[in-house]
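Observations on the three-dimensional arrangement
Here is what each chain is made of, one letter per residue.
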Amino acid sequence: MNLSEVAAAVHGRVVDAGGHTDVVVFGDAFVDSRQVVPGGLFVAINGERVDGHAYAAAAVGSGAAAVLAERPVGVPSVIVDDTVAALALLAGHVLAQLPSVRVVGITGSQGKTSAKDILAQLLERLGETVATHGSFNNEIGAPLTALRVRRSTAFLVAEMGARGRGHIRELAEMVRPSIGVVLNVGLAHVGEFGSRDAIAVAKRELVEILPADGLAVLNADDERVLNMRDHTAAPVTTFGVDPGADLRIGSLRVDEEGRPHFVLGAGSESAQVNLPLVGAHQAHNAAAAAAVALHLGLSFDDLVDGLRGLTLRSRWRMEVSRTPHGVTVINDAYNANPDSMRAALTTLAELGGRGGPGRTVAILGEMRELGDRSTAEHEAVGRLAEAVGVALLVVVGEEARAILREVGAAKVPDPSQQDQPAQPDRRMDTVWVPDADAAIDAVRGALRPGDVVLVKASRAAGLERVAAALTAADDDQESTREADA
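Described in the following lines is the structure provided in the data block. Each residue is numbered by its place in its chain's sequence as written, counting from 1. Local features are withheld for residues below a pLDDT of 70 in this predicted model, meaning they are given only at 70 or higher, and side-chain atom pairs are given and counted only at 80 or more; totals for whole chains, interfaces and linings count all residues. Excluded from the side-chain calculation are hydrogens and water; included are all heavy atoms of the structure.

**Thoughts on the sheet that holds strand 5 (residues 77-79)**
Within a sheet, each strand pairs with its neighbour through backbone hydrogen bonds, oriented either parallel or antiparallel. Strand pairing is defined by DSSP finding a minimum of two bridges between the two strands. Secondary structure elements are defined from DSSP: runs of H or I of at least 4 residues count as helices, runs of E of at least 2 residues count as strands, and each element is numbered from the N terminus. Pairing in this open sheet of five strands is mixed, and the strands run 1-5-4-3-2 from one edge to the other. Strands with a single pairing partner mark the edges of an open sheet, and in this sheet they are strand 1 (13-15) and strand 2 (29-30). In this structure, strand 1 lies alongside strand 5, joined through three bridges in antiparallel fashion. From the neighbouring strand, R13 faces strand 5, where its bridge partner is I79. It only takes one pair of heavy atoms within 4.5 Å for two residues to be counted as in contact. Axis definition: a line fitted to C-alpha atoms, over the contacting stretch in the case of helices. Angles run 0 to 180 degrees between N-to-C directions. Of the strands in this sheet, strand 2, strand 3 (41-43) and strand 4 (66-69) are in contact with helix 3 (residues 83-96), which crosses strand 4 at around 120°.

**Points about the environment of D372**
As for its placement among the helices and strands, D372 is situated in the loop between strand 17 (360-364) and helix 13 (374-387). Considering only alpha carbons, one finds D372 and R204, 168 residues apart in sequence, at a separation of 24 Å.

**Some points on the packing of helix 12 (residues 338-352) against helix 13**
One can describe the packing of helix 12 onto helix 13 by two numbers: an axis separation of 11 Å at closest approach and a directional angle of 10°. Between helix 12 and helix 13, the angle falls in the class roughly parallel. Packed against helix 12, whose contacting residues are P338, M341, R342 and L345, the element helix 13 presents E377, V381, L384 and A385 at the interface. Each residue belonging to the contact of helix 12 with helix 13 can be placed in one class, and the counts come to six nonpolar, no polar and two charged. Each angle receives one of four descriptions, namely roughly parallel if under 35 degrees, roughly antiparallel if over 145, roughly perpendicular if within 65 to 115, and oblique otherwise. Note on residue categories: nonpolar means Ala, Val, Leu, Ile, Met, Phe, Trp, Tyr, Cys or Pro, charged means Asp, Glu, Lys or Arg, and polar means any other residue, Gly included.

**Observations concerning the packing of aromatic side chains**
Aromatic ring pairs are defined here through the distance separating the ring centres and the angle between the ring planes. Each Phe, Tyr or Trp ring (for Trp, its six-membered ring) is paired with any other whose centre lies within 6.5 Å, and the angle between the two planes then decides the class: stacked below 30 degrees, edge-to-face above 60, tilted in between. Using the criterion set out here, one finds one aromatic pair in the structure. Geometrically, the ring pair formed by F30 and F42 is tilted, given 5.4 Å between the ring centres and 45° between the ring planes. Highlighted residues: F30 in strand 2 and F42 in strand 3, separated in sequence by 12 residues. A cation over an aromatic ring shows up here: R401 above the ring of W432, its NZ or CZ 3.9 Å from the ring centre. Consider the ring centre and the ring normal. A charge sits over the ring if Lys NZ or Arg CZ is within 6 Å of that centre and within 35 degrees of that normal.

**As for the sheet that holds strand 12 (residues 247-254)**
The sheet built from nine strands is open, its strands ordered 7-8-6-9-10-11-12-13-14 with mixed pairing. Of all strands in the sheet, those bounded by a partner on one side alone are strand 7 (129-131) and strand 14 (269-274). Going from strand to strand, the sheet's axes swing by 15° on average, the running direction of each strand aside. One ladder, built from three bridges, connects strand 7 with strand 8 (residues 155-159); its direction is parallel. Note on strand 8: the bridge partner recorded for T129 is F155. Strands strand 6 (102-107), strand 7 and strand 8 of the sheet are contacted by helix 4 (residues 112-123), whose axis makes an angle of about 175° with strand 8. Each of strand 13 (260-266) and strand 14 is contacted by helix 11 (residues 300-308), which is oriented at about 10° to strand 14, the strand it contacts most.

**Topic: the pattern of salt bridges**
Counted as salt bridges are all cases of a side-chain nitrogen of Lys or Arg within 4 Å of a carboxyl oxygen of Asp or Glu. All chains considered together, the criterion is met by 19 salt bridges. Here K116 and D117 are joined by a salt bridge, their closest N and O atoms 2.7 Å apart. For the residue pair K116 and D117, the accessibility class agrees, reading buried in each case. Salt-bridge contacts for R368 lead to E366; the nearest nitrogen and oxygen are separated by 3.2 Å. Partly exposed describes any residue whose relative accessible area lies between the buried limit of under 20% and the exposed limit of over 50%, with all areas from a 1.4 Å probe on protein chains only and scaled to the type maximum. We classify R368 as partly exposed; its relative accessible area is 43%. Overall, the relative accessible area of 18% leaves E366 in the buried class. A network of salt bridges, in which partner residues are shared, links R169, R204 and E208.

**Digging into the side chain of D117**
Along the chain, D117 turns up in helix 4. Residue class for D117 comes out buried when judged on its relative accessible area of 8%. Beyond its immediate stretch of four places on either side in the chain, D117 contacts R313 and S314.

**Overview of the side chain of N331**
In this fold, N331 is placed in strand 16 (residues 328-332). Look at N331 and you get buried, because its relative accessible area is 8%. The term polar contact refers here to a pair of N or O atoms within 3.5 Å; inside protein, the definition further demands a hydrogen-donor-capable atom paired with an acceptor-capable atom, and it admits residues adjacent in sequence only when both atoms are side-chain atoms. Within the structure, the side chain of N331 is placed 3.1 Å from the backbone nitrogen of A333, a separation counted as a polar contact. For N331, the residues in contact, after removing those within four places along its chain, are W316, R317, M318, E319, V455, E464 and A467.

**A look at the packing of helix 1 (residues 3-10) against helix 3**
Closest axis-to-axis distance for the helix 1/helix 3 pair is 8 Å, and the angle between their directions is 110°. What the angle tells us is that helix 1 and helix 3 run roughly perpendicular. For the pair formed by helix 1 and helix 3, the contact residues are V6, A9 and V10 on the first element and A86, L89, L90 and H93 on the second. Class assignment for the residues of the contact of helix 1 with helix 3 results in six nonpolar, one polar and no charged.

**Structural notes on helix 12**
Counted at 1.5 Å a residue, the expected span for helix 12 with its 15 residues is 21 Å, and the 21 Å between its end C-alpha atoms agrees. For helix 12, the set of buried residues is P338, D339, S340, M341, A344, L345, T347, L348 and L351. In this structure, the buried side of helix 12 is in contact with helix 8 (196-208), strand 16, strand 17, helix 13 and strand 20 (452-456). To estimate how far a helix should reach, multiply one less than its number of residues by 1.5 Å.

**Re the nonpolar core**
V10, L68, V78, L156 and M160 are the most contacted members of the largest nonpolar core, which totals 43 residues. Of the residues forming this core, the biggest block, six residues, is contributed by helix 3. Not counting residues up to four positions away in its chain, the partners in contact with M160 are G105, I106, T107, K112, N137, I168, L171, A172, V175, P177 and L206. A120, L122, I179 and L277 belong to the second-largest nonpolar core, a separate cluster that totals 42 residues. In this text, buried Ala, Val, Leu, Ile, Met, Phe, Trp, Tyr and Cys residues form a nonpolar core when linked through side-chain atoms within 4.5 Å.

**Points about the pairing of strand 6**
Among the six residues in strand 6, five count as buried, and that is most of the element. The pairing of strand 6 with strand 8 spans five bridges and is classified as parallel. The partner of V103 across the bridge, within strand 8, is L156. Strand direction decides the pairing type here: strand 6 and strand 9 (residues 179-182), joined by four bridges, are parallel. Its bridge partner lying in strand 9, T107 is registered against V182.

Structure below.
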């Protein structure tokens with residue numbers, strides 16, 4: 001699009017273009033001036049800590065075609081009142097010019113990113129697919145994803161998050177999905193919504209906007225999700241372990257690597273699926289993605305082949321590495337809520353409960369946005385860690401201290417004693433540390449060959465640094481990445 005076309009789409013005006021409104025934007029839109037897209041549109045967002053306008057000239061100097069801005073910045077720009085609102089208008093305009101693109105929206109309290117990554121890999125077998133990078137699923141990330149489509153794009157997979165009523169509806173009205181997937185209704189962001197029922201109402205906005213010739217894909221094992229079938233004009237397909245589900249998960253088990261094995265059934269067809277992902281919960285994400293892929297034309301045989309060949313796409317989500325010294329590290333530090341914490345701790349117990357010489361170690365930080373439920377939910381995490389047999393629990397940060405409130409406390413094991421025979425005592429050793437650096441210092445010398453370590457917290461805790469430190473060998477050797485979620 002040239003600048004005059006961009007301006008018309010967002011109700012803006014062209015400035016500082018030297019009269020050349022035919023300057024063409026041919027690259028993606030982007031908001032980080034450190035990651036310039038040649039020929040792209042730099043969107044200057046005035047955030048709480050950084051004002052993108054200060055970097056606009058540098059972005060154009062590094063190859064961007066122009067800027068979407070709220071004030072003149074001395075380089076070719078389209079000026080609008082609100083760049084975030086204008087970004088949404090531009091995305092909607094572009095998609096309206098490409099009606100052949102099939103848009104799939106995915107939401108849920110947890111699992112959105114994994115399900116999105118699975119679905120994108122399946123749909124790539126049918127045609128060019130654009131999908132959300134990582135968890136870029138808000139009012140900025142969704143339009144940036146949509147603006148990556150081309151005339152050759154067949155499918156757009158848009159992950160949709162929400163922190164309040166109306167958020168998903170706004171995203172859906174912008175990208176207009178014909179297929180909507182609701183994975184589950186959990187407690188993520190319950191502090192902002194107030195209750196699980198309120199979260200369900202917010203997630204339901206995705207299926208409410210679907211057209212009558214679309215498709216709603218719903219979790220048959222989650223009553224709140226299943227009840228959404230009464231709030232959509234679209235046909236409904238279900239997935240789950242429920243025998244009445246359209247995509248059925250049967251004989252689910254987890255192997256010694258934590259990878260789910262199950263029988264996937266669809267109509268009269270069924271097949272054994274061995275997912276190269278970590279955690280039993282991934283079976284539901286795979287079944288949800290399978291429902292969409294089959295609807296869009298993927299054969300059952302190709303579907304099964306695709307599920308067996310999945311690869312890592314989004315980091316820090318049940319990402320398993322093994323250090324040269326024989327320690328297994330599960331990096332799930334991207335985010336955390338009560339439901340995903342339970343899934344991660346269960347997976348830790350499964351990986352560490354195979355009769356080997358090592359222990360299970362959980363390094364846990366705060367779960368944010370839980371409101372009045374925060375203390376109770378953190379306490380529940382501590383009880384669960386004890387119940388599943390975690391040997392060493394390291395709690396990081398003042399906000400997470402409640403995890404220890406209802407469990408016993410002891411010092412971190414003395415590293416000088418690590419060569420002594422393990423004792424049969426099943427008591428969980430616990431320790432609190434103030435930050436990620438202290439966590440690294442506390443556990444690095446205490447880990448033994450065969451130990452399995454989970455690192456998990458909300459993103460703001462920054463515990464990915466702990467996982468990185470643990471997987472970096474003292475001799476400067478690299479860890480080997482084994483699997484992801």
